[in-house]
Amino acid sequence: MGLFFRSNDNDYYDFDRLRRDLVDEYGIQSASFSGGLGFLDMCDAEDASNEQLLEMARREGFNLNKYKK
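Residues numbered from 1 in each chain as written. Predicted model: local features only at pLDDT ≥ 70, side-chain atom pairs only at ≥ 80, totals over all residues. Heavy atoms only, no water.

> How would you explain the overall build of the protein if you had to name every residue and give the values?
When helices and strands are counted, the protein shows 3 helices and 0 strands. For the protein, the succession of helices and strands along the chain, N to C, is α-α-α. Within the protein, the fraction of its 69 residues that count as buried is 28%. Here the contacts in the protein between residues at least 6 apart in sequence split such that 68% fall between residues at least 24 apart. Summing over all exposed atoms, the protein offers an accessible surface of approximately 4800 Å²; the carbon and sulfur share of this is 50%. (Helix = DSSP H or I, 4+ residues; strand = E, 2+ residues; numbered from the N terminus. Buried < 20%, exposed > 50% of the residue type's maximum accessible area, 1.4 Å probe, protein only. Contact = heavy atoms within 4.5 Å. Areas by Shrake-Rupley, 256 points an atom, 1.4 Å probe, with all protein chains shown as cover.)

Here is the structure:
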């Protein structure tokens, strides 16, 4: 494409690592304070699409630059 255009932002993230970290985060939340909600979020992260993973990570305040390839 060119310097200023990207075909798809999803090509630039390590989604396997992001998914693992989100599952871990929600698992910790489930064990520590939110109980069932954290567990449900953990299950959602395991089955989420790449776009959904990005949204979840933003909601949790993850630094997405850490996951760029």
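> Which residues make up the nonpolar core, and what values go with them?
With 16 residues, the main nonpolar core has Leu-18 and Leu-22 as its most contacted residues. Among the elements of the structure, helix H1 (15-34), helix H2 (36-47) and helix H3 (50-59) are those that each provide at least two residues to this core. Dropping the residues within four chain positions of it, Leu-18 is found in contact with Leu-53, Leu-54, Ala-57, Phe-62, Leu-64 and Tyr-67. (Core = buried A, V, L, I, M, F, W, Y, C linked by side-chain atoms within 4.5 Å.)

> An account of a nonpolar patch on the surface is needed here, citing residue identities and associated values.
A surface patch of nonpolar side chains, about 320 Å² in accessible area, is lined by Leu-37, Phe-39 and Leu-40. Positionally, Leu-40 belongs in helix H2. (Patch = residues over 30% accessible without salt bridge, like charges linked within 9 Å, V, L, I, M, F, W, Y side chains within 5 Å. Salt bridge = Lys/Arg side-chain N within 4 Å of Asp/Glu carboxyl O.)

By themselves, these observations are geometric and do not establish any function.
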